[in-house]
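Chain residues, written in single-letter form:
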Amino acid sequence: MLLAAVNGVLCIAALAFPFSVAATNVALGIALGLGIVSGSWWLGAKRCWCEFRPLSIAFGAYFALLLAGLIWSQNIGWGMHIIGRQWFWLLVPVLVTTLADEKWRRYFMISLSVGLSLHLAFCVLQSFGYVHVTTDGSSADNATGHIGHIGFGFVYGVWAAWLLFAGLRSEGKLRWLCWSLAIWAYVMIFAAQGRSGYIVAFVLAITVIIKWYVGRSGWKRAVWIIGMAFVLLSFALVLGPAKERLLGTWTVMTGEQQDVAGFWQSYAAQATNQRILMWKTTLDIYQMHPVLGVGTGGLPDAVAALKAEGRSASNFTFVHPHNQYLLALVRWGPAGLALLSLMLFYWMREGWRRDWHESVTAPLIFLPALALVIHGLSSTAVEEHFSAILAVLLLGVALSDNRLCIHKER
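A.B. asks: A description of the overall build of the protein chain should follow, citing residues and the corresponding values.
C.D. replies: Of the regular secondary structure elements, the protein chain holds 19 helices and zero strands. Classification of the 410 residues of the protein chain by burial places 54% in the buried group. Put simply, 71% of the contacts in the protein chain that link residues at least 6 apart link residues at least 24 apart. Element-wise, carbon and sulfur atoms account for 68% of the exposed surface of the protein chain, whose accessible area totals about 17,800 Å².

A.B. asks: If you had to explain helix H15 (residues 324-332) to someone new, which residues and values would you point to?
C.D. replies: Most of H15 sits out of view: nine of its nine residues are buried. Those residues of H15 not exposed but buried are Gln324, Tyr325, Leu326, Leu327, Ala328, Leu329, Val330, Arg331 and Trp332. In this structure asparagine 323 caps H15, since a side-chain oxygen of it lies 2.9 Å from the backbone nitrogen of tyrosine 325.

A.B. asks: So what's going on with the pattern of salt bridges? Residues and values would help.
C.D. replies: Under the counting rule described, the total for this entry stands at five salt bridges. Between glutamate 383 and arginine 331 there is a salt bridge; the shortest N-O distance is 2.6 Å. Highlighted residues: glutamate 383 in the loop between helix H17 (363-375) and helix H18 (385-399) and arginine 331 in helix H15, separated in sequence by 52 residues. In this structure, a network of salt bridges that share partners links the residues Glu350, Arg353 and Arg354.

A.B. asks: Outline a nonpolar patch on the surface, supporting the account with residue identities and numerical values.
C.D. replies: On the surface, a nonpolar cluster with roughly 430 Å² of combined accessible area is contributed by Leu15, Tyr107, Ile110, Val114 and Leu118. Here the nonpolar patch takes four residues from helix H7 (residues 102-127), the largest share from any one element. Secondary-structure assignment places leucine 118 in helix H7. Residue classification places leucine 118 among the partly exposed positions, given a relative accessible area of 48%.

A.B. asks: I'd like a rundown of the packing of helix H1 (residues 2-16) against helix H2 (residues 21-38), residues and numbers included.
C.D. replies: Two numbers describe how H1 lies on H2: the axes approach to 8 Å, and their chain directions differ by 160°. The orientation of H1 with respect to H2, classified from their angle, is roughly antiparallel. Like other packed secondary-structure pairs, H1 and H2 cross with a definite hand, here left-handed. Of H2, the residues touching H1 (which contributes Leu2, Ala5, Val6, Val9, Leu10, Ala13 and Ala16) are Ala23, Thr24, Ala27, Leu28, Ile30, Ala31, Leu34, Gly35 and Ser38. Considering only residue class, the contact of H1 with H2 consists of 13 nonpolar, three polar and no charged.

A.B. asks: How would you sum up the state of the cysteines? Please name residues and give values.
C.D. replies: A full pass over the atoms with the stated rule returns zero disulfides. Cysteine 50 takes part in no disulfide bond, and the closest cysteine sulfur to it belongs to cysteine 48, at a distance of 9.5 Å.

A.B. asks: Help me get a handle on the nonpolar core, residues and values and all.
C.D. replies: In this structure, Trp89, Phe108, Phe152, Tyr156, Trp159, Tyr186 and Trp347 are the most contacted members of the largest nonpolar core, which totals 112 residues. Ranked by residue count, the leading element in this core is helix H8 (residues 149-169), at 14 residues. Contacts of tyrosine 156, omitting those with residues within four sequence positions, involve Leu116, His119, Leu120, Ile147, Ala185 and Ile189. Core analysis: the second largest hydrophobic core is formed by twelve residues, Met278, Tyr286, Leu327 and Val330 among them.

A.B. asks: An account of unusual backbone geometry is requested, with residue identities and associated values reported.
C.D. replies: Look at histidine 322: it is not a glycine, yet its phi comes out positive at around 55°. Locating histidine 322 in the fold gives a position in the loop between helix H14 (299-308) and H15.

A.B. asks: Mind laying out empty space enclosed by the protein, listing which residues take part and the relevant values?
C.D. replies: If you walk through the whole model with that rule in mind, you get one cavity of 30 Å³ or more. Every residue lining the largest cavity is listed: Met109, Leu112, Leu116, Val158, Trp159, Trp162, Leu364, Leu390 and Leu394. Counting only elements with at least two residues in the lining of the largest cavity, the list comes to H7, H8 and H18.

A.B. asks: Give a description of the packing of aromatic side chains that names residues and reports values.
C.D. replies: Two aromatic rings are characterised by how far apart their centres lie and by the angle between their planes. Inspection of the entire model under this criterion finds 23 aromatic pairs. Both rings, one in tryptophan 352 and one in phenylalanine 366, keep their centres 5.0 Å apart while their planes meet at 50°; by these two values the pair is tilted. Of this pair, tryptophan 352 sits in helix H16 (residues 334-352) while phenylalanine 366 sits in helix H17; the two residues are 14 residues apart in sequence, bridging distant segments of the chain. For tryptophan 352, a relative accessible area of 39% gives the class partly exposed. In this arrangement the basic side chain of lysine 211 is found over the ring face of tryptophan 352, its NZ or CZ atom lying 4.3 Å from the centre.

Definitions and cut-offs
- Residues numbered from 1 in each chain as written.
- Predicted model: local features only at pLDDT ≥ 70, side-chain atom pairs only at ≥ 80, totals over all residues.
- Heavy atoms only, no water.
- Helix = DSSP H or I, 4+ residues; strand = E, 2+ residues; numbered from the N terminus.
- Buried < 20%, exposed > 50% of the residue type's maximum accessible area, 1.4 Å probe, protein only.
- Contact = heavy atoms within 4.5 Å.
- Areas by Shrake-Rupley, 256 points an atom, 1.4 Å probe, with all protein chains shown as cover.
- Polar contact = N/O pair within 3.5 Å; in protein donor to acceptor, adjacent residues only side chain to side chain.
- Salt bridge = Lys/Arg side-chain N within 4 Å of Asp/Glu carboxyl O.
- Patch = residues over 30% accessible without salt bridge, like charges linked within 9 Å, V, L, I, M, F, W, Y side chains within 5 Å.
- Axes fitted to C-alpha atoms, helices over the stretch in contact; angles between N-to-C directions.
- Parallel < 35°, antiparallel > 145°, perpendicular 65-115°, else oblique.
- Left-handed = near helix turned anticlockwise from the far one by under 90°.
- Nonpolar A, V, L, I, M, F, W, Y, C, P; charged D, E, K, R; others polar.
- Disulfide = S-S within 2.5 Å.
- Core = buried A, V, L, I, M, F, W, Y, C linked by side-chain atoms within 4.5 Å.
- 1 Å grid on protein atoms, 1.4 Å probe; cavity = no way out; pocket = protein on both sides within 12 Å on 5 of 7 lines; lining within 4 Å.
- Points joined across faces, edges and corners; volume = space filled by probe spheres on them.
- Phe/Tyr/Trp six-rings, centres within 6.5 Å; stacked < 30°, edge-to-face > 60°.
- Lys NZ or Arg CZ within 6 Å of the ring centre and 35° of its normal.

So far we have only geometry, and geometry alone does not tell us how the molecule works.
In structure tokens:
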């Protein structure tokens, strides 16, 4: 009875995920509490340790460093705030246990897909001016609903890639339903302002094609489909609104900002410039603390101090540099960057070595991990609400599938 309650709450959280941060957090918090009380969390943790030990060690080491970084932090209060926002990673053992039943696993993915589909419809209404939101980076010209443009491409890029895979596994109406939803998601991604999302969506789609066709139909068919994907991508970039945003970024990278024209080119150029300045400032701070970094939560104070001394490359303060790897480096030094890289490596390895033809959930390990790797180049992907929570939920779903363990034992 308690197990069914946990699963029901998880389905509610999946349905609310793209619409409400508060509702999702409450539902997931209840699921975590019930999981601990019922003993599901402990069973899941034991299973993760026994069956996915390298991944468990990598996760444990990274988050142990996150906690240990408080010892030499320049701002323990902000460090505690950062740690408090990472609680959802504790959900993995609960998901591994409670979603072991295939029926509930299917219900969960249906709930998530329904929620994401409804949110896409909401974004369409937003683009025509029928609904309005107060989320940063979301407007009629940049219709990303309640998610915002930073996480939009990540969320829908991962979901669309999985739908592409699910369609390849299915037949008849279900196949066309999956592919129709995937195409809809891709159209909305490239209509929104989120250049990292373009890359995430494209690379994940190519990954699905390679994993599905190579070894079954050979490289020829995979190369042909990838070629078609490149053609479609070119049309999307040349004919769609993404063109102006990419041109704005390109002018900064080539030093030709004088050629910027139009609002979206100027906006993209300004955003790119700001991030480059943040990266330079972050590297300057790291060079002042090359061994241990500034600790968990120490970056904002370090930026403010550098700015007060007139030595900051940026003329504004910030709490993170929009780059997960630089953030790990400046927080904890080379050890932090190494542990973050190892965690993502073992996460991807766990998913890549699966036989994706064995189960529809198999790609849900690798796809979010690869998306985090890419998205982390321009954001704090591992700590963002939408990207990190989706990655955690999908990882738990995939690890709960007993068929993956059976295949591993073979």
